[in-house]
Amino acid sequence: MVSLALNLLVAGVVIGDIVSDHGRGRGPRPVELALGPFARAMDAADRRAILQSLRGNPDLQPLSKAQRAAAFGEILATLRAEPFDRIRAEAALSAQAERIQGLERMIQGALLDRLAAMTAEQRAALADRLQAELGHGPGPD
């Protein structure tokens, strides 16, 4: 349950960050955290391009306060129910997980679009930086 709450928090921050300009100058942007080592290995122009492509996606609008309250309201209701209704709780958690997975697919799609737009040399340079970021250092193919 704690893991889900953390995932929901991150997803909410990521979505909010994608559709707004909040968070500038305060360390890594949430979308960069979602991309993990790829974001750290990419140059600033590539990260900006991915962020910009996500900003244009209407599916990434943050939930309204009422929508968030409804989503968490169902989870809270299942936690308070006696007896505990596992099926209802699973349905509530699954709905949240689907939203998070959708966000992850959109971010992955934006990353893949950016990779496809790179030249072979750019991708090779990114691979070297990614390998170094992962702590393995450059090595033979």
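Residues numbered from 1 in each chain as written. Predicted model: local features only at pLDDT ≥ 70, side-chain atom pairs only at ≥ 80, totals over all residues. Heavy atoms only, no water.

1. Points about helix 7 (residues 120-133)
As a reminder, the rule being used: Here a helix means four or more residues in a row that DSSP labels H or I, a strand means two or more in a row labelled E, and each is numbered from the N terminus. Take the residue count of a helix, subtract one, and multiply by 1.5 Å to get its expected span.
Here helix 7 contains 14 residues, and its C-alpha end-to-end distance of 20 Å stays within 8% of the 20 Å for a straight helix at 1.5 Å per residue. Positive phi shows up at G135, right after helix 7, with a value of about 85 degrees.

2. Some details on the pattern of salt bridges
Put simply, the rule is: We define a salt bridge as a side-chain nitrogen of Lys or Arg found within 4 Å of a carboxyl oxygen belonging to Asp or Glu.
Tallying each qualifying case throughout the model produces three salt bridges. Residues R114 and D46 are paired through a salt bridge, measuring 2.7 Å at the closest nitrogen-oxygen approach. Pair noted here: R114 is in helix 6 (residues 86-117) and D46 is in helix 4 (residues 44-55), with a separation of 68 residues, a long-range link.

3. Thoughts on the confidence of the model for the protein
Heads up, the rule is: pLDDT measures the predictor's confidence residue by residue and takes values from 0 up to 100. The contact criterion used throughout is that any non-hydrogen atoms of two residues lie within 4.5 Å.
Here the protein shows a mean pLDDT of 78. Residues at 70 or above account for 73%. The secondary-structure element of the protein with the lowest mean pLDDT is helix 1 (residues 2-19), recorded at 46, while helix 7 shows the highest, at 94. Under a pLDDT of 50 for its full length, residues 1-10 has, in the predicted model, ten contacts with residues more than four places off or in other chains.

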